[in-house]
Structure formats: structure tokens, C-alpha cells
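Survey of secondary and tertiary structure
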Amino acid sequence: VYSLDAKSGCVAWIFTARGGVRGSVVVGPRPGAAGRLNAYFTDQQGYAYAVDAATGTEVWTVRVDDHPLVRLTGSPALYRDRLYVPTSSYEEVGKSPTYNCCTFRGAIVALDVRDGRTIWRAYPIAETPRVMGTRPDGGQSLGPSGGAIWSAPTIDPRRGLIYAGIGNTY
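Right, let's walk through the structure included here. From a predicted model like this one, the values you see are computed outputs, not experimental measurements.

1. Thoughts on the sheet that holds strand β8 (residues 77-79)
- Here we have four strands laid out as an open sheet, ordered β8-β9-β11-β12, and antiparallel in their pairing. Of all strands in the sheet, those bounded by a partner on one side alone are β8 and β12 (118-122). In this sheet, adjacent strand axes meet at a mean angle of 20° when their direction is disregarded.
- Here strand β11 (residues 108-112) pairs with β12 via four bridges, running antiparallel.

2. Describing the pattern of salt bridges
- Applying the stated criterion to the full structure yields nine salt bridges.
- Across the salt bridge formed by R36 and D52, the nearest N and O atoms sit 2.3 Å from each other. In this pair, R36 is assigned in the loop between β3 (26-29) and β4 (37-42) and D52 in strand β5 (residues 47-52), connecting sequence segments 16 residues apart.
- Look at R36 and you get partly exposed, because its relative accessible area is 36%.
- Through salt bridges that share partners, D81, D112, R114 and R117 make up one connected network.

3. A short note on the environment of R80
- Note that R80 resides in the loop between β8 and β9 (82-86).
- Each C-alpha atom, one on R80 and one on D112, is 9.6 Å from the other, the two residues being 32 residues apart in sequence.
- Polar contacts involving the side chain of R80 include one to the side chain of Y79, which spans 3.3 Å.

4. A few points about unusual backbone geometry
- A cis amide bond links C101 with the next residue in sequence, C102, at an omega value of 5°.
- By the secondary structure assignment, C102 is in the loop between β10 (88-89) and β11.
- Positive phi is not limited to glycine here, since R80 has a value of about 55°.
- Owing to a relative accessible area of 68%, R80 belongs among the exposed residues under this scheme.

5. Examining the state of the cysteines
- Applying the stated criterion across every chain yields a total of one disulfide.
- Through a disulfide, C101 is tied to C102; the S-S separation comes to 1.4 Å. Disulfide C101 to C102: torsion about the S-S bond roughly 45°, handedness right-handed. Judged on exposure class, the residue C101 and its partner C102 are both buried.

6. Focus on the pairing of strand β6 (residues 58-63)
- The sheet contact formed by β5 and β6 spans five bridges and is antiparallel. Residue pairing for β6: Y47 is matched across the bridge by R63.

The rules we used
- Within each chain, residues carry numbers counting from 1 in the order of the written sequence.
- Totals for whole chains, interfaces and linings use all residues, but because this is a predicted model, local features are given only for residues with pLDDT of at least 70 and pairs of side-chain atoms are given and counted only at 80 or more.
- In computing side-chain properties, one takes all heavy atoms of the structure into account and sets aside hydrogens as well as water.
- Only strands joined by at least two bridges in the DSSP assignment are considered to pair.
- Each helix is a run of DSSP H or I of at least 4 residues and each strand a run of E of at least 2, with the numbering of both proceeding from the N terminus.
- Here, axes are lines fitted to C-alpha atoms. For helices the fit covers the stretch in contact, and angles between N-to-C directions go from 0 to 180 degrees.
- What makes a salt bridge here is a side-chain nitrogen of Lys or Arg within 4 Å of a carboxyl oxygen of Asp or Glu, nothing more.
- For every residue, the accessible area (1.4 Å probe, protein chains only) is compared with the maximum for its type, and the residue is labelled buried under 20%, exposed over 50%, or partly exposed between those bounds.
- Polar contact is the term for a pair of N or O atoms within 3.5 Å; when the atoms are in protein, one must be able to donate a hydrogen and the other to accept it, and sequence-neighboring residues count only if both atoms are side-chain atoms.
- The disulfide criterion is simple: two cysteine sulfur atoms within 2.5 Å.

So, in C-alpha cells, the structure goes:
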């Protein structure tokens, strides 16, 4: 992640995440630090970050989902003291032929912006995946799965709702 000086275009700071950063960076106030801002973003390894927006110094880093093929492609949404992180995965296309597919189900994860602690997690597919059958090669087929959230959620503060576009089933 690069921070550029808006007047000169010069690099102000660089932060190296654990994986590629595909989504947008969201900037907002740092709780408990009057006048300070954090930059929030996610990466392709499943991590969410808060860094000092002025210096690029890490404030916190958390793994949002422990699924082995998680990837975070959608930009997080910031509202008040929560960062809403959409989750997706490589499970659809990034697996070996012998992989027992599929167990990933997308989610919106609400993080506390103070420390990155998970407040709640909501799945578009409520049911936990289970064995649905056996493939011709003897591997397991699991489901239901999918429901990846590839883009940023939208916050509706007046109604107290979050909207998210949900991807395909696996």
C-alpha cells in the first residue's frame, strides 16, 4: 500500500501487507487518538489491517477468516467504530483436483476498529457445509458452499442495514 503526497505525487510511506491488496483503502478516525486517522484495508491472504494514515505504522493486523483458501477482494466499509469486511475465496478455482470441495461460505465480518477484534460474522449461507457425496475418485463433495462476497458492502445507517452482493455457489 502506498501513500502519496497529493500536491507533489511523492511517496509519503509504503506498507507491505502479507498478501496482495486488491480492494480500496478506507480512511477514518482512530478511536482514542484525537485528530489521528487510520487507513484500513485487506489482503489476499485473509488479513485486515489498520495503519496510521500519516506514517504507515501498523496499528493492528488480524486474520479475518481461517479457511485455507480465503481471499479478501472486496473493499472494507467503515462506519463509526466498526470495519465491515467481505470475504471470498480461491476455493472455486484455486484448488487441486484431489481437494475435497467445497467448504467455504462467504461472510461479512464486523471488526472493532480499536483492536481488530471480531464483533460478529454473518454468512449468506447459514448452514455449515457437510459431506454431500463421494466423487468418482473417492474424494468428498461437500456443501452447501459459496456465497462469496467479492465487492464492498454498503452501509445504510438510517435503516441499520448492510447490503452485499453475493457471488456464485461452489
